[in-house]
Amino acid sequence: MGVIIQESLLIISDTYKLWPDKKNKKEYHTFKLIESVRTERGPRQRMLLNLGTDFSLPEDRWKDLANRIEEIITGQDALFAYPADIENLAVRYARKVIDYQGEPGGGGIKSTDPDYHRVDIDTIDNERSRSAGAEHVIYETIKSLGINDLLMALGFNKPALDAAIGVIAARLIAPSSERATHLWLQEMSAMDELLGADFTDLSQDRVYKTSDLLLRHKKQIEDHLCAKECSLFNLEEKIILYDLTNTFFEGSGRYNGKAHFGPSKEKRSDCPLVTLETEMITVREDNRRLIRAAIIKGPDDDEVTLYCHSTDKEIKERGIKNLFESRFEEKLEQIRNALSKKHGTKVYEKVVEKIGRLKERYKRISSRYEIAVTKDENTNWATTIAWERKEQEKPAGVYCLRSNRIDFKEQELFNIFAMLTDIEDAFRSMKSELGMRPVSLVIFFTTMNLG
């Protein structure tokens, strides 16, 4: 025995005219979901949902969509399976009707008075299961920091603000591409319900534009968070120091007198690094090391650079360099000795290939050597291998610090930088003895209170 469904929902096309002047007359079409209701004056129709002007489902399928929406709202099972596009649209529009209008025939939004019912938990079905815990924490944090108010002051309207908060939450909870962010917001997250929005209509293009808009206001957002941090933690002053010894040039740096090759913490020994030359004063001296420093002002006089040289660091760097040089020369000697052995590699191309692999293995110091291989044209064998070490002009044991405190002297800046050693020791303990690891935070600042 089948279930008879009374068709009380239908979709209609409504035409309205927009006449900005007498010459330009335009007609527009919008689509509406209509409910048939009984009143004291007879049957009437009322609009449940405006489907918008971009509703593109063919008219011959409107009846199936309206019937499926009514089945979902009234809790009836479908006699036959509907196509996937009809089912997806029906679930989407039925959810909107339930959220914003209430059930058909119910007279609109229901009363907020308590309405208790008995529920059989064995018959409960899950629908659109999505995460909300992490989203709730992030949303409350954003409100506490006043980021939503800041974005509204920057010109974000309600849809743009909702999308921006969604993008921020996605970056923190499920960091990925804009395309993956769009899918996460639509299918996996309940952030839109927390915001009182609906991300089922959120386009992928809107996600891209929202990310670009946030980047455009980066300076204002960072200034706001900086001020908020100072007020929350009662910070009076902040100093930021940059270690410039890792700064390298992507190009050749041929026309820059401060660019020289050297050891790089970023493993970019193929690029020239920043080096400086100036007069220096002693900032620390003991029986183990001597550290000298000099201040160089920036071109805009709003920042200074502290150029430091440490004898202890120089000894360490030179020791490392000498170790790699001795190993490199030892390997070259083995290749050269093989030329005189019975089964050693002698073919010129093979010898050059072995030297090339050796230079790739020791590329940090191989550029300091001139290597020449002599070839016998009659036998195509390598006869001799000779090498010469180039003179090195770049200094060792140097590092640079940058600060916006242009009123500090060399000794004061160096003392503040030396305090970072204690901070690094604390982090090292957290990662080792305490067995902890860094976690993702909304904001992270390295600050120092000089009060």
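One numbering rule holds for all chains: residues counted from 1, following each sequence as written. Only residues with pLDDT of at least 70 get local features here, since the model is predicted, and only at 80 or more are side-chain atom pairs given and counted; chain-wide, interface and lining totals rely on the full set of residues. Side-chain metrics rest on all non-hydrogen atoms present in the structure, leaving aside hydrogens and water.

Only DSSP runs of H or I covering at least 4 residues are called helices, and only runs of E covering at least 2 are called strands; the numbering of each starts at the N terminus. Helix and strand counts for the chain stand at 14 helices and 12 strands. Out of the 451 residues belonging to the chain, those deemed buried represent 31%. Within the chain, residue pairs in contact and separated by at least 24 positions form 58% of the contacts whose partners lie at least 6 positions apart. Every accessible area reported is derived by Shrake-Rupley at a probe size of 1.4 Å, with residue values counting cover from the shown protein chains alone. Carbon and sulfur atoms make up 51% of the accessible area of the chain, which totals about 30,100 Å². Relative accessibility decides the category of a residue: with a 1.4 Å probe and only protein chains considered, values under 20% of the type maximum give buried, values over 50% give exposed, and everything between is partly exposed. Contacts are assigned to residue pairs with any non-hydrogen atoms lying within 4.5 Å of each other.

The next point concerns the packing of aromatic side chains. Centres within 6.5 Å make a pair out of two Phe, Tyr or Trp rings, where for Trp the six-membered ring is used; the pair is then stacked when the planes are under 30 degrees apart, edge-to-face when over 60, and tilted otherwise. Per the counting criterion, the structure on display carries eight aromatic pairs. Where Phe-31 meets Trp-62, the ring centres are 5.7 Å apart and the plane angle is 80 degrees; that geometry is what we call edge-to-face. Taken together, the positions of Phe-31 in strand E2 (residues 26–39) and Trp-62 in helix H1 (residues 62–74) put the pair 31 residues apart, joining distant regions of the chain. Under the relative-accessibility criterion, Phe-31 is labelled buried at 12%.

A separate point is the packing of helix H6 (residues 178–187) against helix H8 (residues 204–216). Each axis is a line fitted through C-alpha atoms, and for a helix only the stretch in contact is used; angles between axes span 0 to 180 degrees, taken between their N-to-C directions. Orientation of H6 relative to H8, taken along the N-to-C sense of each, is 120 degrees, at an axis distance of 9 Å. In terms of axis orientation, H6 runs oblique to H8. Along this stretch, H6 crosses H8, giving a crossing that reads as right-handed. When H6 is examined against H8, the residues Glu-178, Arg-179, Thr-181 and His-182 are found in contact with a partner set consisting of Gln-204, Val-207, Tyr-208 and Ser-211. Its residues assigned to classes, the contact of H6 with H8 comprises two nonpolar, four polar and two charged. Every angle not falling under 35 degrees, over 145, or within 65 to 115 is termed oblique; those three ranges are roughly parallel, roughly antiparallel and roughly perpendicular. The sense of a crossing depends on the near helix, which, turned anticlockwise from the far helix by less than a right angle, makes the crossing left-handed and, turned clockwise, makes it right-handed. Any residue outside Ala, Val, Leu, Ile, Met, Phe, Trp, Tyr, Cys, Pro, Asp, Glu, Lys and Arg is labelled polar, Gly included; the first ten of those are nonpolar and the last four are charged.

Here we take up the environment of Arg-44. Mapped onto the elements of the fold, Arg-44 is located in strand E3 (residues 42–52). Once residues lying within four places of it in the same chain are set aside, the contact partners of Arg-44 are Glu-35, Ser-36, Val-37 and Thr-39.

Expected span of a helix, by definition, is 1.5 Å for each gap between consecutive residues, and there is one gap fewer than residues. Compared with an ideal rise of 1.5 Å per residue, which puts 13 residues at 18 Å, H8 spans 19 Å between its outermost C-alpha atoms and is within 8% of the ideal. Within H8, burial applies to Val-207, Thr-210, Ser-211 and Leu-214. Viewed end-on, H8 has its buried residues packed into an arc of 100 degrees, placing them on one side of the element. In H8, the exposed residues that point more than 90 degrees away from the buried face are Lys-209 and Arg-216. The inward-facing, buried residues of H8 abut helix H4 (147–153), helix H5 (158–173), H6 and helix H9 (218–233). Of all possible arcs, the one meant is that of the directions from the helix axis to the C-beta atoms.

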